[in-house]
Amino acid sequence: MNTKIVKIDMNNIDESVICEAGNIIREGGLVAFPTETVYGLGANALDEEAAAKVYAAKGRPSDNPLIAHICDRKMLASLVRDIPENAEKLMNAFWPGPLTLIFRKSDNVPRGTTGGLDTVAVRYPDHPIADRLIKAAGVSIAAPSANLSGKPSPTLGEHVVDDMSGRIDMIIDGGMVGMGLESTIIDVTTDPPLVLRPGFITYEMAKGVVGQLEIDQAILTKPEEGFQPKAPGMKYRHYAPTADYSIYKGEAVKVAEHIAFLANEKADAGMKVGIITADQHLKLYKGRLNEKIEVVSLGDLDKPETIAGKLFKALRDFDKCNTQFIFGEAFSEDNVGWAIMNRLTKAAGYNIMDV
């Protein structure tokens, strides 16, 4: 397949490109586009054959649900059976924005979009290109992250090109996304609501709106065989680099010493090695490492949003360098830190050790 790649300035959007992309979606094709979280791979959410194309392009397991994206709350009427009071509260507080809500699906939504479930995941993104595209398509757009299944999510247009060129009809390259983490997912079919995936809308923020909020225990541990995911990102290994990636937690100096020892051991044996750290800890590795080891900081520990925005790019950059082993530090799980560690834990295949 010949994939059309178009660059767009989100502050000066070319409407002819958006119109073309909307037509592709309406006709059952696939278009990758930026949102405020990560790039999405879009298809008509109400077209089961189009949804099947998404799964095929990504190599995504068919029981992993897709998220339907809307540009107006009125679009919910065709997607969901009912809108609980807690959903209204969360929508009023956080839509448009990086929050996905799980509703009981209407008969209009095919099971091919929902991974066979009786529920549907819906999000109202806060990004001008995504907004224009959904309006141009005239339908809700099912859009998981625009990467090959299991790989780090794309935060740059070039990441989408690397994974999706030749697999889909069009890629809209809108530059770097703003957040770099997928949306928070909350199930509002239960009372109290249930967090299924952490994100920039934190547990504390959502609880402050609905009063009572629980956490699905499935996101805190490695899924067992036969687990049925309620939302994207719950069951399968996600965000993973090609390299063997392990994470270490404990007192900063001890963790750095341990990582330096392990990294040097691999590098001295001729392996390509990388280390993931934070700005405040770079000094802990100075003078301790084989010169061939690449050390990457994800940002300032006091500004977790900077770490969130860089983590997927860092993992992809290590892949491009053919890195064989990555040794990383654990980060605080306070607020957005929980979402960061959720992604890194899955990227490492739950390979986390205390030092």
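Above this text you will find the structure in question.
Residues numbered from 1 in each chain as written. Predicted model: local features only at pLDDT ≥ 70, side-chain atom pairs only at ≥ 80, totals over all residues. Heavy atoms only, no water.

Draft legend 1. Structural view of the overall build of the protein chain. When its secondary structure is counted, the protein chain shows 10 helices and 16 strands. Taking 2.2 N^0.38 as the reference for a compact globule, 355 residues should give roughly 20 Å; the C-alpha atoms of the protein chain span a radius of gyration of 20 Å, in line with that estimate. Along the longest, intermediate and shortest principal axes, the C-alpha atoms of the protein chain span 60 × 50 × 40 Å. By the burial criterion, 57% of the 355 residues in the protein chain qualify as buried. Considering only contacts in the protein chain between residues 6 or more positions apart, those separated by 24 or more positions represent 68%. In the form shown here, the protein chain has an accessible surface area of approximately 14,600 Å², with 48% of it arising from carbon and sulfur atoms. When the 39 positive and 48 negative side-chain charges of the protein chain are each reduced to one mean point, those points stand 1 Å apart. (Helix = DSSP H or I, 4+ residues; strand = E, 2+ residues; numbered from the N terminus. Rg over C-alpha atoms; globule rule 2.2 N^0.38 Å. Buried < 20%, exposed > 50% of the residue type's maximum accessible area, 1.4 Å probe, protein only. Contact = heavy atoms within 4.5 Å. Areas by Shrake-Rupley, 256 points an atom, 1.4 Å probe, with all protein chains shown as cover. Lys, Arg positive; Asp, Glu negative; His and termini not counted. Charge placed at Lys NZ, Arg CZ, Asp CG, Glu CD.)

Draft legend 2. Just the nonpolar core, in detail. Of all hydrophobic cores here, the largest spans 67 residues; its most connected members are W95, L101 and F103. Once residues within four sequence positions are removed from consideration, L101 is found in contact with A87, L90, M91, W95, V120, A121, V122, I186 and V188. Of all hydrophobic cores here, the second largest spans 27 residues; its members include V38, Y245, A278 and A348. (Core = buried A, V, L, I, M, F, W, Y, C linked by side-chain atoms within 4.5 Å.)

Draft legend 3. How the structure looks around the state of the cysteines. What the rule picks out here adds up to zero disulfides. We note that C71 lacks a disulfide partner, and the nearest cysteine sulfur, in C19, lies 15 Å from it. On the basis of relative accessible area, C71 is assigned to the buried category, the value being 10%. (Disulfide = S-S within 2.5 Å.)

Draft legend 4. Spotlight on the side chain of H281. On the secondary structure map, H281 appears in the loop between strand 13 (273–277) and strand 14 (294–297). We classify H281 as buried; its relative accessible area is 15%. Side-chain polar atoms of H281 contact the side chain of E329, separated by 2.8 Å. (Polar contact = N/O pair within 3.5 Å; in protein donor to acceptor, adjacent residues only side chain to side chain.)

Draft legend 5. Molecular detail of the packing of helix 3 (residues 85–94) against helix 7 (residues 203–210). Two numbers describe how helix 3 lies on helix 7: the axes approach to 9 Å, and their chain directions differ by 125°. If you check the angle between helix 3 and helix 7, you find them oblique. The interaxial crossing formed by helix 3 with helix 7 has right-handed handedness. When helix 3 is examined against helix 7, the residues N86, K89, L90, A93 and F94 are found in contact with a partner set consisting of M205, A206, V209 and V210. (Axes fitted to C-alpha atoms, helices over the stretch in contact; angles between N-to-C directions. Parallel < 35°, antiparallel > 145°, perpendicular 65-115°, else oblique. Left-handed = near helix turned anticlockwise from the far one by under 90°.)

Draft legend 6. Looking closely at the sheet that holds strand 15 (residues 325–329). Taken together, the five strands give an open sheet; going across it, the order is 14-13-15-12-16, and neighbouring strands pair in parallel fashion. Both outer strands of the open sheet, strand 14 and strand 16 (352–354), are each paired with one neighbouring strand and no more. Neighbour-to-neighbour, the strand axes of the sheet open up by a mean angle of 25°, direction not taken into account. Two strands pair when backbone bridges link them, and strand 13 and strand 15 are joined in this way by four bridges, in the parallel orientation. When the bridges of strand 15 are listed, G274 appears paired with I326. Sheet contacts for helix 8 (residues 252–268): strand 12 (244–249), strand 13 and strand 15; angle to strand 15, the most-contacted strand, approximately 175°. (Pairing = 2+ DSSP bridges.)

Draft legend 7. Structural view of the pattern of salt bridges. Under the definition given, this model contains 17 salt bridges. Here R123 makes a salt bridge to E36, at a shortest N to O gap of 2.8 Å. Remark: E36 occurs in the loop between strand 2 (31–34) and strand 3 (39–44) and R123 occurs in strand 6 (residues 119–123); sequence separation between them is 87 residues. Note on R123: relative accessible area 2%, which makes it buried. Residue classification places E36 among the buried positions, given a relative accessible area of 7%. One salt bridge connects K89 with E85, and the closest N-O pair in it is separated by 3.7 Å. With K89 and E85 both in helix 3, this residue pair falls four residues apart, about one helical turn. We classify E85 as exposed; its relative accessible area is 59%. Salt bridges sharing partners connect three or more residues here, namely E158, D162 and K320. (Salt bridge = Lys/Arg side-chain N within 4 Å of Asp/Glu carboxyl O.)

Draft legend 8. Molecular detail of the packing of aromatic side chains. According to the stated counting rule, one finds three aromatic pairs in the structure shown. Judged by centre distance (6.5 Å) and plane angle (10°), the ring pair of F325 and F327 falls under stacked. F325 gets classed as buried once you look at its relative accessible area, which sits at 17%. An aromatic cluster is built from Y248, F325 and F327, whose rings are joined through pairwise contacts. (Phe/Tyr/Trp six-rings, centres within 6.5 Å; stacked < 30°, edge-to-face > 60°.)

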